[in-house]
Each structure stands twice: as C-alpha cells, then as structure tokens.
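Here's the letter readout for the chains.
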Amino acid sequence: MTKYIFITGGVISSLGKGIASASIGKILESRGLKVTLMKFDPYINVDPGTMNPYQHGEVYVTEDGAETDLDLGHYERFTSAQMTRFNNVTTGQIYNAVISKERRGDYLGKTIQVIPHITHEIKERIKKVAAVSRADIVIIEIGGTVGDIESLPFLEAARQFRLDAGCENVLYIHLTLIPYIKCADEIKTKPTQHSVGTLREIGIEPDILICRTEKALSDEVKEKISLFCNVRKEAVIEAKDVASIYQVPSEFKNQILDEIILSHFKLISRLSNLKEWEKNVVERIINPEDRVAIAVVGKYVGLQDAYKSIYESLAHGGIHNNAKVEIKKIDSEEIEKDGPEKLLSEVSGILVPGGFGYRGIEGKIKAIKFARENNIPYLGLCLGMQCAVIEFARNACGMKSANSTEFKLKTKYPVISLLEEQKRVKNLGGTMRLGIYPCKIKKGALAYKLYGQGLIYERHRHRYELNNKYRSALEKKGMIFSGIYPKNNLVEIVELKGHPYFIAAQFHPEFKSKPDKAHPLFRGFIKAALEKSKCQD
Ligand code: GLN
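In this text the structure is predicted, and so the values were computed from the model without any measurement.

## With respect to the pairing of strand S19 (residues 455-462)
Walk down a regular strand and you will see the side chains alternate between the two sheet faces.
So, point 1. Burial analysis of S19 places six of its eight residues in the buried class, the great majority of the element.
So, point 2. Direction of pairing for strand S18 (residues 433-441) relative to S19: antiparallel, over a ladder of eight bridges. Bridge pairing in S19 places Ile-436 opposite Arg-459.

Rendered as structure tokens:
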C-alpha cells in the first residue's frame, strides 16, 4: 500500500519547502524506502517553459523533456527518484485536461465543478505517479502559501485524499515560520497558530510542523506550539538556518523525523544510513581544503534562483575537489560597458550559462574571448556554447560578422542557426529540442577523458544549433567537435586545441549533477580552475 505525505507552507513563501520536501525524501530513502516526489504549482501556465526566469527562477528539464519547476531539481539532487513530466502538476494542466474531457463529452452532460471534477483530476495525477513509480512513499509538495485563493483546489484534493487512501496512509506536514522579533528579543508563534488555523478551516489537521527559525526553539516554545496547533510536541520540528542545504536531512534525522513518519505509517524499515552523505557531502562542504573563484557571466544574475542548478553543480564540483567555490555573479551587460579585464581578472574559471535573446550577448562573447586568450578554464552551457562558437568564428576565423540567427536573422555568417525543419514552427511553447539525446564522444578528446566513456545521454532545451556548413572552417583554426548527436549529425560539444580547459556543450549538464556525484564537466572545470588559481597566486 503506497503512503502519501502532503507538504504545505504557511505564513510566507520562500521558506524552503522544496528543500524540506527533498530532505524528507532523503531521510526516508536512507531507511531503504523507495520514494518519489511531486510538485503542485497553483499558477495557470501549463508549465514554466515560457516564463521569465525573473518571475519563476530556473526551468528544470527532466529526462523525458518536460520543462518543470526548479524544486524538481532539488528532488533529483537529494534522492535517487527520477522525475518525469508527471511529477510537476500545474493548475493550467488540470483545467486543460478537464476542459478537454468536457468538450469530448466524457462527463455525460454533468455540470463541471471544482469539486468534484477538478479535485478528482488532481487526485488521479497523484495515483498515476504512485502507480508508475512504484514508490513506497509519494511526497507531494503544494506550492504557494496556505490562505492563497489559487492553491485551494489542491488543498481540497489533499484533504479528500485521506478519505480515499485511509488515515494511516496519508500524512500532512506543514512548514511554517517562527519569526524572531529583535527589539523584543522574542520568537513569536502567533503566525504559525493562524496558519494552522487556516489549514484546519480547509479540513486539514497537520500531523507534523516544521518550523523555520533563526533561533533554537526552547522546550517551552515547542510546548506552546504543540498545544495551540494540536500537534504532538515531538512532531514540532525545528528547522534552523544552516550553512548548507545539504545539512537539512541530518537536522531532520537528528530530531527523529524519519521515525515519526514511519510510526504514523506503521512501516518497519532498516536503520538510517546517512553516513556516506554526511562524510562525502556535508563534511566536505564545511571543511574545504581549498577555495577557487568562478565567474558566472549571465543576464539573470540578480536572482539567486535563475541559475539554481548551475550554482549547485559548481558547488558539487567543489565538493568533489575538496574546495569551496566562490561564485562571482557577473552581469554580462557590465562587461559590455567596462570590458572583461576589470571584472574577470580575479577569477580562475569562467562559465557562461544558457539563455534566450540578444540582450547581454556581446558581453558574454567578450568574456569568452578573455577566457580563450588568457588560458582561463571555460565552461559554456547551451547559449554559452553558441556564444563560444560565434566568438571563435569572429576572432579566430576572420568571420567578423558571425552571429546566431536568433540575434540577427540576416547575417553573413550564420554559424548558429535553426535547422530547416524548425523554420516552419510557430508556437513558442513546447517547440524546442527538449530532454535527453545520446551523444557520441570522440576518443582522445577532453570530453572523453572527463566522462570516461564514448556514449553519454544529456538533457537539452534549445532551438538553435551549430551550423554544419561552418564546421570545417572552425576546425581548421583549432576548434574540436568532440561530441556529436549521431542521428542528425549535430554538434553537442566543442573544445579548443591547446587550451587547458575550454569545453562547451549544447546540452545542460547542470541538470544531472548531484552533491555526491558531481557531473564530469563540472568536476573537471573546478579541477582546472584550481590548477589555474595556483599559477595566479
Ligand atoms: N537561445 C538558444 C537556443 O534557443 C540557447 C538556449 C539555452 O541556452 N537554453 O538555442
């Protein structure tokens, strides 16, 4: 019998519900249970694919090519659950499905309503993921904050789910904030009481409270929360701010959250095994032997969430090499104004991430030229590869006006362009090369050394490709095409002859990196940057 955990959030957003959910997944997995996770997003967009990163943060791409919420990235990094397009559900998808059924006549003339039709559709999604994943426990994170109008149908579905699946098979966890009021030197439980009250009005009584707090919760405070919120005292879990998100599973385990969950479900399992994680991830983050500065040159550097998986992957590269990675977030438009020397002289590695549109492109190209000419390790991701090709064409192959047709439709040297068959596509939503594709790697190339194999699978999210017409011209001047998608003969990885570490990929390696298993391109990048930093000292 599958067990279900619903995780709601109270008081304010951005409390780290995604990390809390992923960490709960981790501690349950460490007890030998198979888990999977789902995210419900109450917005009306069908998926975040067309949203501005400043609105939504990164778009996380799954193996099967779905454009999803970035919390799915946390789920994959913390657990071994594999996310699919069914693990992220939005209001847009639910209404889309219900309206299509109504138009087809599936409801046999009934009036279609939020209850029961919308809630039924939501519950069906959960059951489908449970069936396909064959997980022992399905963890469902409900986006938004309790009290929002938008998330009501999801909360109602969560309430009904206990009736359908049985009390002993469903558990509700509420993540809340216990604010510290500085001038009174006191922490306050009132917002939590109100938030739990609102949840109860909907018909959900939380079994466990996870309390985000700056200060430790005294026994007295825990008792008060327990009494007012009707939650057992030991089920009031303290979630104090920690130095690294990867410490959260241990914080939970130390408060026997895994035991509390398992005893609710009456599940018996092996003892917890978080030792490896604590040794290989947490210990290394807390006590790094080295440090290295890396520049991320992008256009959404103002928002922490916009390049989430990239920042995490850099940290993973650091964990692997026993070094702390100091990330310098550099707005590529600043490089356009001030030149690369001023902003990039102090770093030992340069990364240009993915992106869309022309703004900031010339700054990225300048940063790449700086990396190429000064032997600074460079890692280009998607757009970061396309810019590397444009830069090399312009500055090493004499094609002064080389460009991507994304930025200049009529250009003399369209080194990056759409494939013929793509030119007919009109809609922006869902028209990209998405999800995993195989890539063959050239023996002897840097990529081969890094991956240690000749065939890899990586995730994509882009429309434009390297134009094969220019391959021989680029190759003559020292560009190496070390990774190819064999079926359509498309370039997936480029490198530069004679450079210590210049590697750029059309795909997104950042979606497959894990804290205890850093992605090969990030591992190698940080290693090369550390070597570079030794000669810079
Ligand atoms: N804008 C480029 C394309 O569509 C790159 C996309 C990306 O970096 N994700 O091909």
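After that view, the rundown keeps rolling.
## Quick word on the sheet that holds strand S20 (residues 465-466)
So, point 1. Spatially, S16-S17-S20 is the arrangement adopted by the three strands of the open sheet, whose pairing is mixed. The sheet terminates laterally at strand S16 (403-404) and S20, the two strands that pair on one side only.
So, point 2. Note: S16 against strand S17 (residues 414-417), two bridges, orientation parallel. Within the sheet, the bridge partner assigned to Ser-404 lies in S17 and is Ile-416.
So, point 3. Here helix H16 (residues 383-396) sits on the sheet and contacts S16, S17 and S20; the angle it forms with S17, its principal contact strand, is near 170°.

## Quick word on the layout of surface pockets
So, point 1. When its volume is computed, the second largest pocket comes out at roughly 560 Å³.
So, point 2. Taken together, the elements giving at least two residues each to the lining of the second largest pocket come down to H16 and S19.
So, point 3. Of the residues that constitute the lining of the second largest pocket, the class distribution is 15 nonpolar, 11 polar and six charged.

## A few points about the sheet that holds strand S6 (residues 137-142)
So, point 1. If you walk across this open sheet you meet the seven strands as S5-S2-S6-S1-S7-S10-S11, and the pairing is parallel. At either margin of the open sheet sits one strand with a lone partner, and together these are strand S5 (88-90) and strand S11 (236-240). Within this sheet the neighbouring strands show an average axis-to-axis angle of 20°, counted without direction.
So, point 2. Where strand S1 (residues 3-9) meets S6, five bridges bridge the pair, whose relative direction is parallel. Paired with Ile-5 across the bridge in S6 is Ile-139.
So, point 3. The strands touched by helix H4 (residues 91-104) are strand S2 (35-41) and S5; relative to S5, the strand with the most contacts, the crossing angle is about 70°.

## Observations concerning the packing of helix H7 (residues 190-202) against helix H8 (residues 219-229)
So, point 1. For the pair H7 and H8, interaxial distance at closest approach is 10 Å and the crossing angle is 25°. By the angle between their directions, the pair H7 and H8 is classed as roughly parallel. Judged by the twist between their axes, the crossing of H7 over H8 is right-handed. Only Lys-224, Phe-228 and Cys-229 of H8 make contact with H7, whose side of the interface consists of Thr-192, Gln-193, Val-196 and Arg-200.

## Digging into the packing of H4 against helix H5 (residues 114-133)
When two helices pack together, their arrangement is captured by the angle between the axes and the distance separating the axes.
So, point 1. Put simply, H4 and H5 touch, their axes get as near as 10 Å, and they point 115° apart. Considering how the two elements wind past one another, H4 and H5 form a crossing that is right-handed. Listed contacts from H5 to Gln-93, Ile-94, Tyr-95, Ala-97, Val-98 and Lys-101 of H4 are Val-114, His-117, Ile-118, Glu-121, Ile-122 and Arg-125.
So, point 2. For the contact of H4 with H5, the residue count by class is seven nonpolar, two polar and three charged.

## What to know about a nonpolar patch on the surface
So, point 1. A contiguous nonpolar patch, built from Tyr-95, Ile-99, Val-114 and Ile-115 and spanning about 340 Å² of accessible area, is present on the exposed surface.
So, point 2. Mapped onto the nonpolar patch, the elements with two or more residues apiece are H4 and H5.

Reading guide: rules and limits
The numbers attached to residues start from 1 for each chain and follow its sequence in the written order. Only residues with pLDDT of at least 70 are given local features in this predicted model, and only at 80 or more are side-chain atom pairs given and counted; all residues enter the totals for whole chains, interfaces and linings. Calculated side-chain values reflect all of the structure's heavy atoms, with hydrogen atoms and water omitted. We call a residue buried when its accessible area falls under 20% of the maximum for its residue type, exposed when it is over 50%, and partly exposed in between, using a 1.4 Å probe and counting protein chains only. For helices the rule is a DSSP run of H or I covering at least 4 residues; for strands it is a run of E covering at least 2, with both sets numbered from the N terminus onward. Here, strands pair whenever DSSP counts at least two bridges between them. Two residues form a contact once any of their heavy atoms are found within 4.5 Å. Where helices are involved, their axes are fitted lines through C-alpha atoms of the stretch in contact, as for all axes, and angles between N-to-C directions lie from 0 to 180°. With a 1 Å grid laid over protein atoms only, a set of points is called a cavity when a 1.4 Å probe fits there but cannot get out and a pocket when it is open yet has protein on both sides within 12 Å along at least five of seven lines; lining residues have an atom within 4 Å of a point. Grid points are joined across faces, edges and corners, and a volume is the space filled by probe spheres set on the points. Basically, the charged four are Asp, Glu, Lys and Arg, the nonpolar ten are Ala, Val, Leu, Ile, Met, Phe, Trp, Tyr, Cys and Pro, and anything else, Gly included, counts as polar. Angles are sorted into four bins: roughly parallel if under 35 degrees, roughly antiparallel if over 145, roughly perpendicular if 65 to 115, and oblique for all others. By definition, turning the near helix anticlockwise from the far helix through less than a right angle yields a left-handed crossing, and turning it clockwise yields a right-handed one. Each patch is built from residues lacking any salt bridge and having more than 30% relative accessible area; the joining distance is 9 Å for like charges and 5 Å for nonpolar side chains (Val, Leu, Ile, Met, Phe, Trp, Tyr). Here the accessible surface of atoms and residues is derived via Shrake-Rupley with a 1.4 Å probe, and residues count as covered only by protein chains that are part of the display. In what follows, salt bridge is the name for a side-chain nitrogen of Lys or Arg lying within 4 Å of a carboxyl oxygen of Asp or Glu.

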